[in-house]
Protein chains: 2
Amino acid sequence: MKQINNKSKILIVGLGLIGGSYAKALTKKGYKVRAITLDSSDIEYAIDKGFLEDGTTAVTKEYLAWADVIVFSLYPHTFIEWLKKYGSMIKKGTLCTDVTGVKSCILSDAQALMPEGVEFIAAHPMAGRERSGVRHSDETVFHGANYIVVPTEKNSEEAIECCKKLGEELGFYRISVLDAESHDRMIAFLSQLTHCIAVSLMCTNDTPGFEAYTGDSFRDLTRIAKINGEMWSELFIRNKQFLLDEMDNFINQFTTLRNMLENEDKEGMCEMMRISTQRREKFDKPKVNK
Amino acid sequence: MKQINNKSKILIVGLGLIGGSYAKALTKKGYKVRAITLDSSDIEYAIDKGFLEDGTTAVTKEYLAWADVIVFSLYPHTFIEWLKKYGSMIKKGTLCTDVTGVKSCILSDAQALMPEGVEFIAAHPMAGRERSGVRHSDETVFHGANYIVVPTEKNSEEAIECCKKLGEELGFYRISVLDAESHDRMIAFLSQLTHCIAVSLMCTNDTPGFEAYTGDSFRDLTRIAKINGEMWSELFIRNKQFLLDEMDNFINQFTTLRNMLENEDKEGMCEMMRISTQRREKFDKPKVNK
């Protein structure tokens, strides 16, 4: 695998929301895309909609050998289980990558389970939807979003470049490179903590009829409370220490504000709001590319 | 004041973001709109942009006498101070209303400060922007939003109907009626708590460079962290008990989730996420009217 271009053959393992969105984006760019997934009706759907060339539910050496690049779009534990079962069948020279939302806990396992001559380079496409499954896949989910390559010292420069190129081809707004620990700390704060907040807020009060008075603030804070529990609870546990740190930091800040309110410390509250206003300026959305 | 129609003369007291948006919406509907406000440049701006007929910085009996309806668009304490100073000058038969975000703490004061023959009917237009001032006013902020009339036993049916009509003319999606306590409890949860969360989240972590990796989740949860501290800290303190209750309820839920994570209780986390997903379904945005 010297480079990625639209002659490269891409095999998606796990044709769900993200796997399907990869297939859509890459097919549009002229790539040949195939898939291995559990449910044959997902394959039929994708072929019928024109964003998959072929697919199978059976993992065979021959089918894997077709691919120049394999993208694993699976839950973390399923990914590792898959590699234990079938990893040895992957053809020498194949470049393997993934889409997993946490890195430290799986990177060394994944790299160790690759057969000789097969390089695994981790990546995290920071994109998603409130709904799962290939039927909700949509390549525009990548526009304006971040794609993070997470190499270790075992990775070649060549693989890092290929992986970055894949992110570009998918249509991501920003392609970056981070080590696993920095990635996992960042994800704990920017993504996992926000999901914890949304879920907790939604569980806080179920007074009937409140939906009639809901404005944009509440809707925005709880959009991600519609959540794939199976996936996110696994991602939380696999990033436990970093996420616990961020949760505790947040509780500290929130409790500080709560106590200022109890003490009617208007000045203190204003100061927190001044800081939040100022910091938030930096986080405004960039212009979306196409 | 028997009814509101576009022959009615509307005087806005306080030409800021919301006062200005009222002026824009009502001018478009053919109403005559004037304003009393502190800064004469705001008046010049609004007249120049064609959404104000006239305005003044001086409160006089004659100027107030022009109005059929006066809309107070002021901070709570400024509203009450204004009434103490000038309330007695309001012409008999004028209908007064407001836009204040909390009700219990000001309703009885405001009603008591109206001269005989002047009825005050409270209302809360649940709409806003991250920026303040008449230059950011925009009547489309009301589309898809809620307008809540908050009468007391002192209000006439006629005034309630007039106030509802005003909400319709402004272009609100839903017009409702609530008593002050129900309003303030609802606001504590749906609006004030969400702002407390956004501010606290923004204060939780200021690692340089995180903005480069920010996705929609974090942006959505912190949009309202750009906040008018002067106004919101006052609204929080004036709704202190209800807001403290909701903050404590939220801390309970969040801490429950935190402890589940610490104990790797995947089942418990999945159950909270199942509840949050199910509840959130009810809160999807209605189709916006025009």
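Residues numbered from 1 in each chain as written. Chains lettered and ligands numbered in written order. Predicted model: local features only at pLDDT ≥ 70, side-chain atom pairs only at ≥ 80, totals over all residues. Heavy atoms only, no water.

Student: Hey, could you run me through the relation of the copies chain A and chain B in this one?
Tutor: The pair of chain copies shares a relation made of a rotation about an axis and a shift along it. Mapping chain A onto chain B calls for a screw motion: a turn of 180° about the axis and a shift of 0.0 Å along it, with 0.0 Å RMSD after fitting. Taken together, the rotation angle and the small translation identify this as a two-fold axis. (Least-squares fit on C-alpha atoms with pLDDT ≥ 70 in both.)

Student: What exactly am I supposed to notice about the environment of B:Thr37 here?
Tutor: All names here are of chain B. Here Thr37 is to be found in the loop between strand E2 (32–36) and helix H2 (40–48). Separated by 21 residues in sequence, Thr37 and Gly16 have C-alpha atoms that sit 8.5 Å apart. Apart from the residues within four sequence positions on either side, Thr37 is in contact with Gly14, Leu15, Asp42, Ile43, Thr56 and Thr57. Looking at Thr37, its side chain comes within polar contact range of the main-chain nitrogen of Leu15, at 3.0 Å. (Helix = DSSP H or I, 4+ residues; strand = E, 2+ residues; numbered from the N terminus. Contact = heavy atoms within 4.5 Å. Polar contact = N/O pair within 3.5 Å; in protein donor to acceptor, adjacent residues only side chain to side chain.)

Student: How should I be thinking about the interface of chain A and chain B in this particular structure?
Tutor: Reports often express the size of an interface as the amount of accessible area lost when the parts come together. Contacts between the two partners involve 80 residues from chain A, matched on the other side by 81 residues from chain B. For the pair chain A and chain B, the summed buried surface comes to about 8,800 Å²; carbon and sulfur atoms form 67% of the total. Of all residues in chain A, the largest losses of buried area upon contact with chain B belong to A:Tyr213, A:Phe254 and A:Arg280, amounting jointly to 9% of the total for that side. Taken together, chain A and chain B are joined by 14 salt bridges. When the shortest N-O distance is used, the salt bridge between B:Asp248 and A:Arg258 registers 2.6 Å. Elements that contribute at least two residues to the side of chain A that touches chain B include exactly strand E7 (146–150), strand E8 (174–177), helix H7 (180–204), helix H8 (216–222), helix H9 (229–237), helix H10 (240–262) and helix H11 (266–281) of chain A. No other element matches the 16 residues that H10(A) contributes to the side of chain A that touches chain B. (Buried area = accessible area lost by both parts, 1.4 Å probe. Salt bridge = Lys/Arg side-chain N within 4 Å of Asp/Glu carboxyl O.)

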